[in-house]
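The lines below spell out each chain.
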Amino acid sequence: MAANILKTPFLVNDLVVYFVSPRVAHVVEVDCRIELTTTPESCTCCTFRFRSRLDPGFRCRHIEAVRQVLERARRADSGSEQVICGH
């Protein structure tokens, strides 16, 4: 896995992304009111479940946060970044 991101929390805007496997993360609102299971392609949030029916390409902000951490980790593995941090 890129930059060993498993079991490390990453802050992405107002979300905390915590990977439990190479492709599955728990995404938590910073106020801890909601914890979602999210992958780069799907999310358990209501917005994704309903909007993706109308627009199959729809990606919620939780999916975007997961993708952002994965992309930063991929770049860190290639040597262009040494530290992964959210914002």
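The structure we're discussing is the one just above.
First, a word on what this report is: a plain description of the structure on this page. Remember, predicted model here, so these are calculated numbers, not experimental data.

Conventions used here
- Residues numbered from 1 in each chain as written.
- Predicted model: local features only at pLDDT ≥ 70, side-chain atom pairs only at ≥ 80, totals over all residues.
- Heavy atoms only, no water.
- Pairing = 2+ DSSP bridges.
- Helix = DSSP H or I, 4+ residues; strand = E, 2+ residues; numbered from the N terminus.
- Axes fitted to C-alpha atoms, helices over the stretch in contact; angles between N-to-C directions.
- Contact = heavy atoms within 4.5 Å.
- Buried < 20%, exposed > 50% of the residue type's maximum accessible area, 1.4 Å probe, protein only.
- Salt bridge = Lys/Arg side-chain N within 4 Å of Asp/Glu carboxyl O.

1. Considerations on the sheet that holds strand β1 (residues 9–12)
Here we have four strands laid out as an open sheet, ordered β1-β2-β3-β4, and antiparallel in their pairing. Where the open sheet ends on each side, the last strands, each with one partner, are β1 and β4 (35–38). The sheet shows a mean angle of 25 degrees between the axes of neighbouring strands, direction not considered. Judged from the four bridges that link them, β1 and strand β2 (residues 15–19) form a sheet pairing that is antiparallel. Paired with F10 across the bridge in β2 is V17. The sheet strands contacting helix α2 (residues 61–77) are β1, β2, β3 (25–29) and β4, and the helix crosses β2 at an angle near 60 degrees.

2. Concerning unusual backbone geometry
Within the chain, N13 stands out as a residue other than glycine whose phi angle is a positive 55 degrees. On the secondary structure map, N13 appears in the loop between β1 and β2. Judged by relative accessible area, which is 57%, N13 ranks as exposed. Notably, C32 is not glycine yet its phi reads approximately 65 degrees, a positive angle. The residue C32 is located in the loop between β3 and β4 in this model. Judged by its relative accessible area of 62%, C32 is exposed.

3. Focus: the side chain of S52
In this fold, S52 is placed in helix α1 (residues 46–54). Assessed through its relative accessible area of 18%, S52 is described here as buried. Residues contacting S52, with those up to four places away along its chain left out, are T47 and F58.

4. Points about the pattern of salt bridges
One pass over the full model with this rule turns up eight salt bridges. For the salt bridge of E29 with R33, the shortest nitrogen-to-oxygen distance reads 3.7 Å. Residue classification places E29 among the buried residues on the basis of a relative accessible area of 7%. Between E71 and R74 there is a salt bridge, and its shortest N-O distance comes to 2.4 Å. Residue E71 and its partner R74 are both found in helix α2; the two are separated by three residues, about one turn of the helix. For R74, a relative accessible area of 46% translates into the label partly exposed.

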